[in-house]
Structures are given as structure tokens and as C-alpha cells.
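Structural overview for review
Each chain, written out:
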Amino acid sequence: MTIRIQLSRLPHGEGLPLPAYATAHAAGLDICAAESLTLAPGARHAVATGFAIAIPPGHEVQVRPRSGLALKHGITCLNTPGTIDADYRGEVKVILANLGSDPFEVTRGERIAQLVPAVVTQAVFDEVDALDDTDRGVGGFGSTGR
Ligand SMILES: O=c1ccn([C@H]2C[C@H](O)[C@@H](COP(=O)(O)OP(=O)(O)OP(=O)(O)O)O2)c(=O)[nH]1
Ligand SMILES: [Mg+2]
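Residues take numbers from 1 onward in each chain, read along the sequence in its written order. Chains and ligands are labelled by the order in which they are written, letters from A for the one and numbers from 1 for the other. With the structure being a predicted model, the display of local features is reserved for residues of pLDDT at least 70 and the display and counting of side-chain atom pairs for 80 or more, all residues being used for whole-chain, interface and lining totals. To obtain the side-chain values, all non-hydrogen atoms of the structure were used and water was disregarded.

If you check an unreviewed UniProt entry, the protein chain appears there as Deoxyuridine 5'-triphosphate nucleotidohydrolase from Sphingomonas jejuensis. UniProt positions are given in the numbering used here, feature names are shortened, and annotations may be inferred rather than shown by experiment. Check the Sequence similarities (unreviewed entry) section of the UniProt entry for the protein chain; it says "Belongs to the dUTPase family." Word for word, the UniProt comment on the protein chain under Function (unreviewed entry) is "This enzyme is involved in nucleotide metabolism: it produces dUMP, the immediate precursor of thymidine nucleotides and it decreases the intracellular concentration of dUTP so that uracil cannot be incorporated into DNA."

A few words on the site of ligand 1. Think of it this way: one heavy atom of a residue within 4 Å of a molecule or strand is enough to make that residue near it. Near ligand 1 you find Val-63, Asn-79, Gly-82, Thr-83, Ile-84, Asp-85, Tyr-88, Glu-91, Val-92 and Lys-93, and these make up its full shell. Contacts described as polar in this section are N or O atom pairs within 3.5 Å, which, within protein, must combine one atom able to donate a hydrogen with one able to accept it, while residues neighboring in sequence count only if both atoms come from side chains. In this structure, an oxygen atom belonging to ligand 1 sits 3.0 Å away from a side-chain N or O atom of Asn-79. With respect to ligand 1, the backbone of Lys-93 contributes an N or O atom lying 2.7 Å from a nitrogen atom. Exposure was quantified through the Shrake-Rupley algorithm and a 1.4 Å probe, taking into account, for residues, occlusion by the shown protein chains and nothing else. Surface burial for ligand 1 is 50%, taken as the share of its 560 Å² of free accessible area covered by protein chains. For the shell around ligand 1, a count of residues per class yields 4 nonpolar, 3 polar and 3 charged. We call Asp, Glu, Lys and Arg charged. Ala, Val, Leu, Ile, Met, Phe, Trp, Tyr, Cys and Pro are nonpolar, and the rest, Gly among them, are polar.

With that out of the way, let us pick up the pattern of salt bridges. A pairing counts as a salt bridge when a side-chain nitrogen of Lys or Arg comes within 4 Å of a carboxyl oxygen of Asp or Glu. Summed over the entire model, instances satisfying the criterion amount to 2 salt bridges. A salt bridge links Arg-66 to Asp-30, with the nearest nitrogen and oxygen atoms 4.0 Å apart. Taken together, the residues Arg-66 in the loop between β6 (59-64) and α1 (67-73) and Asp-30 in strand β3 (residues 29-32) connect sequence positions 36 residues apart. In this structure, the salt-bridge partner of Asp-30 is Arg-111, at a minimum N-O distance of 2.8 Å. One end of the pair, Asp-30, is in strand β3; the other, Arg-111, is in strand β11 (residues 111-119), and 81 residues separate them in sequence. Residue Arg-111 is classed as partly exposed on the basis of its relative accessible area of 36%. It is possible to trace a salt-bridge network through shared partners that takes in Asp-30, Arg-66 and Arg-111. The numbering of helices and of strands both runs from the N terminus, where a helix is a DSSP run of H or I of at least 4 residues and a strand a run of E of at least 2. Think of it in three bands: residues with accessible area under 20% of the maximum for their type are buried, residues over 50% are exposed, and the middle band is partly exposed, with areas taken using a 1.4 Å probe on protein chains only.

So, about the sheet that holds β11. A pair of strands counts as paired when DSSP detects no fewer than two bridges linking them. Across the sheet, 5 strands lie side by side as β2-β3-β11-β6-β8; this open sheet has antiparallel pairing. Where the open sheet ends on each side, the last strands, each with one partner, are β2 (20-21) and β8 (82-84). Of the strand pairs in this sheet, β6 and β11 are connected by 6 bridges, and their pairing is antiparallel. Following the sheet pairing, Glu-60 is matched in β11 by Ala-118.

Let's shift gears to the state of the cysteines. Disulfides are defined as pairs of cysteine sulfur atoms found within 2.5 Å of each other. Summed over the entire model, instances satisfying the criterion amount to 0 disulfides. Cys-32 takes part in no disulfide bond, and the closest cysteine sulfur to it belongs to Cys-77, at a distance of 13 Å. Classification of Cys-77 by relative accessible area gives buried; the value is 2%.

All right, on to the UniProt feature "domain: dUTPase-like" (unreviewed entry) in the protein chain then. Cross-referencing UniProt, the feature "domain: dUTPase-like" (unreviewed entry) maps to residues 17-145 in the present numbering. Secondary structure content for residues 17-145 is 5% helix and 40% strand, while the C-alpha to C-alpha distance between its ends is 48 Å.

Right, let's get into the pairing of strand β9 (residues 91-98). The buried fraction of β9 amounts to 6 of the 8 residues, a majority that puts the element mostly inside the structure. Two elements, strand β5 (residues 44-54) and β9, share 6 bridges in a ladder whose sense is antiparallel. Note on β9: the bridge partner recorded for Val-47 is Val-94. Summarising the sheet, strand β7 (residues 75-77) and β9 pair through 3 bridges and their orientation is antiparallel. Residue pairing across strands places Thr-76 opposite Ala-97, the latter belonging to β9.

Right, here's the structure in full:
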């Protein structure tokens, strides 16, 4: 399934690659940093991407980490999966966090995360006096064993 998403480049995004799939059937479009910075161990930063998007209603875009950065450097998206709402028109930012033990250099133009578009189901909550019974009941958080 393919959807079309309008993208508006911001002045500081000039010259950067657009979000792009690295391979034919990739799930995520890689996105690049629009700024350079050093992330100290334990630090976080909302990294600019240099673009804003208009997602079709009924969809969202998830911002996910890249596994290579996570495995090799301890770099992740702190709020993963980040949520870009369909009605958001601000700059897409990537909240990178350095969970590694060394400072990490983010270089403008480097691929720092990936965007995964998804269909959204909205819900309306109906308050009731009691919920129906199930085998699980209130058990959770490991109640079925390890
Ligand atoms: O990784 C992210 C997560 C969010 N956003 C932008 C788009 C999203 O639509 C908006 C709000 O995100 P979210 O709902 O996760 O944050 P919030 O703390 O609830 O802020 P708000 O009160 O603005 O909804 O921030 C990003 O650019 N990158
Ligand atoms: Mg919100």
C-alpha cells in the first residue's frame, strides 16, 4: 500500500535528501539530520530534519530508530515510536538520545532515523458500569508465567 505525503522543505533543509527507502521493500524511509551536533552520553536533543509534512487524515507517521546506530553507538529515539499527527505542520524532529558510553557526533546529512507511515484507528470511549468477564480477568504483567 502506498500513500502520498506532501513535504515542505524548510530553509535549513536546503540540499538535503528527501526521506527515502534504502531498498525496494524497506518499511521505513530514512531521514537525515539538518544540523550537526555532539550528543554526550546520556544526552538527548530534538534533531532538526529541515522539513514539514502533511499526512493524509486517517494516517500517522512513526519515527523509529535505526538499528545500526542503536547497536553500534547506543543511539535511539527516546520516544520511540515517535508519533507525527496528521494535523501537525511543524518541522519533523527526531528526539535522539545517546544511551552509549561515548559522545556521538551527528553530522548534517547523516541518516538518523526512519519514518514509517501507518493507518490510524481512532476510538471513542463509552463509559460503562462493569466490563464483561474473561479468562484473563485482571491478570497481567507476567501473570501467565515467565
Ligand atoms: O518524534 C517526534 C514526535 C512528535 N513530533 C511532533 C509531531 C507531533 O504531531 C507533535 C506532537 O507529538 P506528541 O503528541 O507525541 O507530543 P506531545 O508531548 O503530546 O505534544 P502535543 O501536546 O503537541 O501533542 O510533535 C515530532 O516531530 N517528532
Ligand atoms: Mg500529543
